[in-house]
Amino acid sequence: MQKIIEVKGLKKSFKQNQVLKGVDFHVYKGKIFALLGSNGAGKTTCVRILSTLTKADGGSAAICGHDVFKEADNVRGCISLTGQYAAVDEILTGRENLYLIGELKHLPDFRKQTEKLLSLINLEDAADRRVLEYSGGMRRRLDIAMSLMGKPQVIFLDEPTTGLDPQNRIVMWDMIARLAENGTTILLTTQYLEEAEYLADHIAILHNGIITAEGSPEELKKILPIGEISLEFMNSTDADKARGLLEGYPLKAGRKIIEVSTNGSASQLTDILNRINDGGLTISRFTQNQPSLEDAFLTLIGEKGGKNE
Amino acid sequence: MSKAISDSYIMFKRCLIKTSRSPEAVTMAIVVPFIMMVLFGYVFGGIASIEGFNYINFIVPGIILQCICNSSAATSLSVHNDMSKGIIDRFRSIQIAKSAFISGHVWMSVIRSIVITIATFGAAFMIGFRPTAGFAEWLVISGILILFIIAMTWLVVIIGLVSKDAEAISGINFLLVVFVFLSSAFAPPETLPTVLRVFAKHQPMTPVIDALRGLLLGTPLENEIEIALIWCIGLIVFGFVLAVHIYKSKLTK
Ligand SMILES: Nc1ncnc2c1ncn2[C@@H]1O[C@H](COP(=O)(O)OP(=O)(O)OP(=O)(O)O)[C@@H](O)[C@H]1O
Ligand SMILES: [Mg+2]
């Protein structure tokens, strides 16, 4: 498989603030790659360097076989960027925004592409209204459509779903997944593990300026504490009893709630529920805890947080 | 080269659509010259009298320059808006000719100022402006005005590039208007106190206004035309170099 993005030892500081301390990763052609990181991790910085907007201090990066630092113009010809904040012209209409990009890219068929994109993002009805009147979700969709003009080989999406409601988020996910089916390579950044898991073929976690972990969602799942469940009982006596019954499992007990860490397998789950049942206790509420990104980091970088102790 | 031209044209078209979408701004740009002419011509015309001049004839060059400054000010704001919103990143990440962004704004600004200058002359004629200039004089007048407009445009582009926010922009642009007041626009500098007089005599607005006045009304001229041309061309070169430098350094942060 062809590596279409290759990043080695990428470094960037803003004055004293070392944001990227040596980032390495690569992306294969036609795949969806997710760069996962919390606020301020350096995701945007990374994407801006790769899309030739910001200069790096060190390291190397190549896209479509072109050196990002030395052949910026060639790189621009093969990528497109959807930044974290919608880069649309509010005074122009949706259609005019698309025309503008099509003309600047000198596409002979930009009108035809515009119509196709408008239907892809489901914005045909609003196409001739000024973007000023669009909702956040509509702007975001237009923003992405502008990036799709000219069918670039590589697309950067910086937090494409931040600020969207759950329904629009699903629509966006579908759209991104369909792009990848057509052979476009996508590098997206996100703060949500869930989103990376759903969309990406490969996930890299950016933390403290380096990639602390990477792999397919399945590979990452194995190292993430995903099997935490929480059991709520009628009263603290029951909860105490249950704690005795669950000997052997790492757990954290509250007054009426017990949080148990499992390996996520069905057999462990059955075992736990059986033990409680056999002890004659009733669970008033059962929930499976979604691991937060914070948990993931803590596990990955080996700083045992208080949560599982 | 042809890419630079076509990209600049596309960017200019964008600015043109945006300008035409704000009818208030367009109307104001046309109405303000009329108001200024009427205000200065009738209100102050009654109390101010300048020997040997019809006051309306006297103030036309100053009003023209003031309207050009007003019209250019809008350019600062649109450059600033584009630079501070994400749209500039989008333009940069596609292979657009480097000069296209700025030249689109410059073209728009120059053309808008030319239209407003014509409108201001129209307003002046309506309230009794009667120049004596012949065809040759009008050619020189047009040349000076176009150079002045280009010079102002580069200055306001710089203001748009360096300003932090819209308030700062309107503050700095107000200074341009003050420059017009502290010149020979509304009264001969000889009537001003010493400090202001020295300032008025050595700033670019005065020779431009004196040259225009001489050409329009046929009053005697020494070397005002040459000084005006030197100022305008100097400002154009200075503004161009500085604007390009600032633009480039902003982009390679
Ligand atoms: N132009 C800049 N000047 C100075 N510091 C900057 C600049 N851009 C980013 N930083 C700093 O770099 C760090 C990483 O910022 P970056 O925007 O890359 O993070 P991010 O992962 O995209 O965060 P978020 O999820 O909030 O978008 C932050 O500490 C930020 O303050
Ligand atoms: Mg960011």
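Remember, it's a predicted structure, so these values are computed and weren't measured experimentally. (Residues numbered from 1 in each chain as written. Chains lettered and ligands numbered in written order. Predicted model: local features only at pLDDT ≥ 70, side-chain atom pairs only at ≥ 80, totals over all residues.)

Looking at the overall build of chain B
Argument step 1. The helix and strand inventory of chain B stands at 10 helices and zero strands.
Argument step 2. When the elements of chain B are put in sequence order from the N terminus, they spell out α-α-α-α-α-α-α-α-α-α.
Argument step 3. Against the globule reference of 18 Å for 253 residues, chain B gives a C-alpha radius of gyration of 19 Å, in line with a compact fold.
Argument step 4. Counting only C-alpha atoms and orienting by the principal axes, one finds that chain B spans roughly 60 × 35 × 35 Å.
Argument step 5. A burial count over chain B gives 42% of its 253 residues as buried.
Argument step 6. Restricting the contact set of chain B to residue pairs at least 6 apart, pairs at least 24 apart contribute 79%. (Helix = DSSP H or I, 4+ residues; strand = E, 2+ residues; numbered from the N terminus. Rg over C-alpha atoms; globule rule 2.2 N^0.38 Å. Buried ≥ 20, exposed ≤ 12 C-beta atoms within 10 Å, placed from the backbone. Contact = placed C-beta atoms within 7 Å.)

Quick look at the nonpolar core
Argument step 1. One finds Leu65(B), Ile68(B), Ile144(B), Phe148(B) and Val208(B) to be the most contacted residues of the largest nonpolar core, which totals 86 residues.
Argument step 2. In terms of residues, this core owes the most to one element, helix H6 (residues 135-162) of chain B, which gives 14 residues.
Argument step 3. Other than its neighbours up to four places away in sequence, Ile144(B) contacts Val208(B), Ala211(B), Leu212(B), Ala228(B), Leu229(B) and Cys232(B).
Argument step 4. If you look at the next biggest cluster of nonpolar residues, it comprises 45 residues, including Ile32(A), Ile63(A), Ile176(A) and Ile205(A). (Core = buried A, V, L, I, M, F, W, Y, C linked by C-beta atoms within 7 Å.)

What about the site of ligand 1?
All names here are of chain A.
Argument step 1. With respect to spatial proximity, 13 residues lie near ligand 1, and among them Phe14, Asn39, Lys43, Thr44 and Thr45 are the closest.
Argument step 2. When contributions to the shell around ligand 1 are tallied by element, the ones reaching two or more residues are strand E2 (17-28) and helix H1 (43-50).
Argument step 3. Looking at which element gives the most residues to the shell around ligand 1, the answer is H1, with three residues.
Argument step 4. Classifying every residue of the shell around ligand 1 gives three nonpolar, nine polar and one charged. (Near = placed C-beta within 6 Å. Nonpolar A, V, L, I, M, F, W, Y, C, P; charged D, E, K, R; others polar.)

What to know about the domain arrangement of chain A
Argument step 1. We note that the domain assignment places domain 1 (3-222) and domain 2 (227-290) within chain A.
Argument step 2. Computed from C-alpha atoms alone, the centre-to-centre distance between domain 1 of chain A and domain 2 of chain A is 42 Å. (Domains from an automatic or database assignment.)

With respect to the interface of chain B and chain A
Argument step 1. At the interface, 17 residues of chain B touch 25 residues of chain A.
Argument step 2. Of all the elements in the fold, those that place two or more residues in the side of chain B that touches chain A are helix H1 (2-20) and helix H4 (87-93) of chain B.
Argument step 3. For the side of chain B that touches chain A, the per-class residue count stands at five nonpolar, four polar and eight charged.

A closer look at the packing of helix H3 (residues 94-104) of chain A against helix H5 (residues 136-148) of chain A
Residues and elements named next belong to chain A.
Argument step 1. Viewed as axis vectors pointing N to C, H3 and H5 meet at an angle of 25 degrees, and their least axial separation amounts to 9 Å. In terms of their interaxial angle, H3 and H5 are classed as roughly parallel. Once H3 is placed against H5, the crossing between them reads as right-handed. Across the interface between the two elements, Gly94, Asn97, Leu98 and Ile101 of H3 pack against Leu142, Ala145 and Met146 of H5.
Argument step 2. For the contact of H3 with H5, the per-class residue count stands at five nonpolar, two polar and no charged. (Axes fitted to C-alpha atoms, helices over the stretch in contact; angles between N-to-C directions. Parallel < 35°, antiparallel > 145°, perpendicular 65-115°, else oblique. Left-handed = near helix turned anticlockwise from the far one by under 90°.)

Here we look at the packing of helix H5 (residues 100-126) of chain B against H6(B)
In helix packing, the relevant descriptors are the interaxial angle and the interaxial distance, both defined with respect to the helix axes.
All names here are of chain B.
Argument step 1. In the contact formed by H5 and H6, the axes pass within 9 Å of each other and the chain directions differ by 135 degrees. The angle between H5 and H6 falls in the class oblique. Crossing angle aside, the handedness with which H5 passes H6 is right-handed. Each of Ile102, His105, Val106, Ser109, Val110, Ser113, Ile114 and Thr117 in H5 lies in contact with H6, whose residues at this interface are Leu145, Ile149, Ile150, Thr153, Val156 and Val157.
Argument step 2. Within the contact of H5 with H6, the residues separate by chemical class into nine nonpolar, five polar and no charged.

Concerning the pairing of E2(A)
Residues and elements named next belong to chain A.
Argument step 1. Pairing geometry for strand E1 (residues 3-14) and E2, over nine bridges, is antiparallel. Its bridge partner being in E2, Ile5 is matched across the sheet by Val27.
Argument step 2. Connecting E1 to the antiparallel partner E2 that follows it, the hairpin turn spans two residues, and Lys15 within it adopts a positive phi of roughly 50 degrees. (Pairing = 2+ DSSP bridges.)

Remarks on the sheet that holds strand E4 (residues 58-63) of chain A
Argument step 1. The strand order across the open sheet formed by four strands is E2-E1-E4-E5 (chain A), and the pairing between neighbours is antiparallel. Strands with a single pairing partner mark the edges of an open sheet, and in this sheet they are E2 and strand E5 (66-67) of chain A.

Topic: the sheet that holds strand E10 (residues 210-215) of chain A
Residues and elements named next belong to chain A.
Argument step 1. Sheet architecture is open: six strands sit in the order E6-E7-E8-E3-E9-E10, paired in mixed fashion. At either end of the open sheet lies a strand with only one pairing partner, and these are strand E6 (79-82) and E10. Sheet twist, expressed as the mean angle between neighbouring strand axes with direction ignored, is 15 degrees.
Argument step 2. Bridge count between strand E7 (residues 154-158) and strand E8 (residues 185-190): five bridges; the pairing is parallel. Bridge pairing links Ile155 to Ile186 in E8.

Brief notes about the confidence of the model for chain B
Interpreting fine coordinate detail is not advised for predicted regions of low pLDDT.
Argument step 1. Residues of chain B with pLDDT of at least 70 account for 98%, and the chain-wide mean is 88.
Argument step 2. Model confidence for the complex: the whole-complex pTM is 0.82, and ipTM, which rates the interface, is 0.85. (pLDDT = per-residue confidence, 0-100.)

Some words on the confidence of the model for chain A
Residues and elements named next belong to chain A.
Argument step 1. In the predicted model, chain A carries a mean pLDDT of 87, and 92% of its residues have values of at least 70.
Argument step 2. When mean pLDDT is compared element by element in chain A, H3 scores highest at 95, while helix H11 (residues 293-300) scores lowest at 62.
Argument step 3. Note on residues 303-309: pLDDT is under 50 here. Beyond four places in sequence and across chains, it has nine contacts.

What about the pairing of E7(A)?
All names here are of chain A.
Argument step 1. The buried count for E7 comes to five of five residues, which makes it a mostly enclosed element.
Argument step 2. Residue alternation in E7 divides its side chains into two sets, Val154, Phe156 and Asp158 and Ile155 and Leu157, and both sets are buried.
Argument step 3. Of the strand pairs in this sheet, E6 and E7 are connected by four bridges, and their pairing is parallel. Counted as the bridge partner of Thr82 is Leu157 from E7.
Argument step 4. Of the crossover connections in this fold, the one passing from E7 over helix H6 (residues 166-181) to the parallel E8 is right-handed. (Right-handed = clockwise from strand over helix to strand, strands pointing away.)

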